[in-house]
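# Tertiary structure, described
What follows is each chain in one-letter form.
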Amino acid sequence: MQNIRKINSDLIYVGASDRKLALFENIYPIPRGVSYNSYVLLDEKTVLLDTTDAAVAGQFFENVSAALAGRKLDYLVVNHMEPDHCALIEDLVLRYPEVTVVTNAKAAKMIRQFFSFDLDSRLLTVAEGDTLCTGRHTLAFVMAPMVHWPEAMVTYDTLDKVLFSADAFGTFGTLNGNIYADEVNFERDWLDDARRYLINIVGKYGAPVQTVLKKAATLDIAMICPLHGPIWRKDLGWFINKYDIWSRYEAEERGIVIIYASIYGHTAAAAEKMASLLAERGITNIAMYDASHTHDSQLVSECFRFSHALFAASTYNGGIFTPMESLLADLKAHSWQNRTVALIENGTWGPLSGKLMRAQLEQMKDITIEEPTITLMSSLKDSQMESLVQLADVLATDIKSTI
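Because the structure is predicted, anything quoted here is derived from the model rather than measured.

Calculation notes
Per-chain numbering applies: the sequence of each chain, read as written, is numbered from 1 onward. Totals for whole chains, interfaces and linings use all residues, but because this is a predicted model, local features are given only for residues with pLDDT of at least 70 and pairs of side-chain atoms are given and counted only at 80 or more. In computing side-chain properties, one takes all heavy atoms of the structure into account and sets aside hydrogens as well as water. Numbering of helices and strands starts at the N terminus; helices are DSSP runs of H or I of at least 4 residues and strands are runs of E of at least 2. The rule is simple: take the accessible area with a 1.4 Å probe, protein chains only, and divide by the maximum for that residue type; under 20% is buried, over 50% is exposed, in between is partly exposed. Here, residues are in contact when the closest pair of their heavy atoms is within 4.5 Å. Areas reported as accessible are Shrake-Rupley estimates using a 1.4 Å probe. Residue values count occlusion only from the protein chains shown. Positive residues here are Lys and Arg, negative ones are Asp and Glu, while His and the chain termini are left out of the count. By convention, the point assigned to a charge is CZ for Arg, NZ for Lys, CD for Glu and CG for Asp. If DSSP finds at least two bridges between two strands, the strands pair. Lines fitted to C-alpha atoms define the axes here, with helix axes fitted over just the stretch in contact, and angles between the N-to-C directions of these axes take values from 0 to 180 degrees. Residues enter a nonpolar core if they are buried and are Ala, Val, Leu, Ile, Met, Phe, Trp, Tyr or Cys, with the set joined through side-chain atoms within 4.5 Å. Only one rule defines a salt bridge in this text: a Lys or Arg side-chain nitrogen within 4 Å of an Asp or Glu carboxyl oxygen. Throughout this description, any angle smaller than 35 degrees is read as roughly parallel, any larger than 145 degrees as roughly antiparallel, any in the 65 to 115 degree range as roughly perpendicular, and the remainder as oblique. Classification used: nonpolar for Ala, Val, Leu, Ile, Met, Phe, Trp, Tyr, Cys and Pro, charged for Asp, Glu, Lys and Arg, polar for all others including Gly. Between N or O atoms, a polar contact is any pair within 3.5 Å; within protein, one atom must be a potential hydrogen donor and the other a potential acceptor, and residues adjacent in sequence are included only when both atoms are from side chains.

Here we take up the overall build of the protein chain. Helices and strands together make up the secondary structure of the protein chain, namely 13 helices and 23 strands. Summarising its shape, the C-alpha atoms of the protein chain cover approximately 80 × 40 × 35 Å along the three principal directions. Residues counted as buried form 56% of the 403 residues belonging to the protein chain. At a minimum sequence separation of 6, the contacts of the protein chain that also span at least 24 residues come to 73%. Surface exposure of the protein chain reaches about 16,500 Å², of which carbon and sulfur atoms provide 50%. Positive and negative charge centroids in the protein chain, built from 36 and 50 side chains respectively, lie 2 Å apart.

As summarised here, the arrangement of the 5 strands in space is β12-β13-β14-β15-β16, forming an open sheet in which the pairing is mixed. Sheet topology places β12 (131-133) and β16 (223-225) at the edges, where each strand pairs with a single neighbour. The average undirected angle you get between the axes of adjacent strands in this sheet is 20°. Examined bridge by bridge, β12 and strand β13 (residues 138-143) share 3 bridges and lie antiparallel to one another. Within β13, the residue paired with Cys-133 across the bridge is Thr-138.

Moving on, we come to the nonpolar core. Ranked by size, the top nonpolar core spans 93 residues in total, and within it Ile-259, Phe-311, Met-324, Trp-336 and Leu-361 carry the most contacts. Per-element accounting of this core gives the leading share, 7 residues, to helix α6 (residues 191-202). Core analysis: the second largest hydrophobic core is formed by 30 residues, Ile-12, Val-40, Leu-48 and Leu-92 among them.

The next point concerns the sheet that holds strand β7 (residues 39-42). The 7 strands lie next to each other as β1-β2-β7-β8-β9-β10-β11, forming an open sheet whose pairing is mixed. In this open sheet, the two strands that pair with only one neighbour each are β1 (5-6) and β11 (123-125). Here 3 bridges tie strand β9 (residues 75-77) to strand β10 (residues 100-103), and the two strands are oriented parallel to one another. Note that in β10 the partner of Tyr-75 across the bridge is Thr-100. Set on the sheet, helix α4 (residues 105-114) makes contact with β10 and β11; between it and β10 the angle comes to about 125°.

Of note, Glu-151 is situated in the loop between β13 and β14 (153-157). Apart from the residues lying within four places of it in its own chain, the contact partners of Glu-151 are Asn-79, His-80, Met-81, Glu-82, Asn-104, Lys-106, Ala-107 and Met-110.

All right, on to the pattern of salt bridges then. Side chains that differ in sign of charge can pair as their charged atoms come close. Scanning the entire structure with this criterion turns up 21 salt bridges. One salt bridge connects Lys-161 with Asp-220, and the closest N-O pair in it is separated by 2.7 Å. Here the residue Lys-161 occupies a position in the loop between β14 and β15 (162-164), and Asp-220 occupies one in the loop between α7 (206-216) and β16, the gap between them amounting to 59 residues. Residue Lys-161 is classed as partly exposed on the basis of its relative accessible area, which comes to 32%. Close ionic contact of Arg-305 with Glu-253 constitutes a salt bridge, the shortest N to O distance being 3.0 Å. Of the two residues, Arg-305 sits in helix α10 (residues 296-305) while Glu-253 sits in strand β17 (residues 253-261), which places them 52 residues apart along the sequence. On the basis of relative accessible area, Glu-253 is assigned to the partly exposed category, the value being 24%. What you see here is one network of salt bridges that share partners, running through Asp-192, Arg-195, Lys-242 and Glu-252.

Two elements in contact, α6 and α10, have axes separated by 9 Å at closest approach and are oriented at 95°. Taken as axis vectors, α6 and α10 run roughly perpendicular relative to one another. Residues Asp-192, Arg-195, Arg-196, Ile-199 and Asn-200 of α6 lie in contact with α10, whose contacting residues are Ser-297, Gln-298, Val-300, Ser-301, Glu-302, Phe-304 and Arg-305. Partitioned by chemical class, the residues of the contact of α6 with α10 number 3 nonpolar, 4 polar and 5 charged.

Here Ser-297 is to be found in helix α10. On the accessibility criterion, Ser-297 (1% relative accessible area) is buried. Separated by 3.1 Å, the side chains of Ser-297 and Arg-196 make a polar contact. With residues near it in sequence (within four places) discarded, Ser-297 still touches Tyr-28, Pro-29, Arg-196 and Asn-200.

Encoded structure:
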């Protein structure tokens, strides 16, 4: 059964949602699943903008057939060659042998790497600023390298002012009938997934995202059609601003995320006490996580969200307790920067985690480490409360200072 949605008189949504997939890219938990978006443009010539993941192949091909309603498919525009969007290219060519594949040179090379069909006889290679007239509509192509693969591009319909944005402006989560961001409570129900998606998938490439945002600023955009998540037709500036903040590595909110990696609970208890001290000092925007029970993708996202972080970790085998060690490596890999951090270390006979966490953080850009570092020898003692209070005072003052 086809399940298509008409976006406007010429544009039809032909994507599908996957509610079975547990791990996006086989690493990021997606309890709400994910959508794979694809679009058919009906003009004098017909255009399909991207395919989908193989997991939803049946629904996708039914949708494409229904949208075309007996017409042949003239063009397939390939904006991004990641398999969750390109897996069905070869199957599509077999079904629509007269189709012309429209993409850039880097993407064409990747098509040859993934597939074995005759691409050259049906390839139209485009570059920055090239256009394709399909009748009433003209499609303009804008290169978006490293957002988040080197071949990525976006496509702009100059007539209806629609930006087909590839992986940009996407989010985790399935579409539950409503395909538009203004049909859901996006800030309440989708923003965390949008942030986690952007930070973990594209976060390392802040500079390329900024380049694309500057290009987008020159376009008159009425609608954004991403490859994952809801379509944007209202309040575009609000969401574009989020991408601007995230890709500039600036804090989205003043506040603090407290993340602890505790073996038997003593390090956790010190982190909990610090949270209470901060709350007593008027800090209301506090989030707390156990690194052993929360996936790194969420922790990385939260570290990008907040202006401040406190990391509390036990010493383990002469190093950092592994959940915290993993988080710090992930933060470095995603170019986390421009933040203020406090540290709590623990070790029954040789507390080294603070020194080692500091060494990891010093490899990142513009990370300010507040003093004092709190050192526990097994558990927090009354005699250490003065140092804990001192650190709470420093953090609370700094968090409030630029509110």
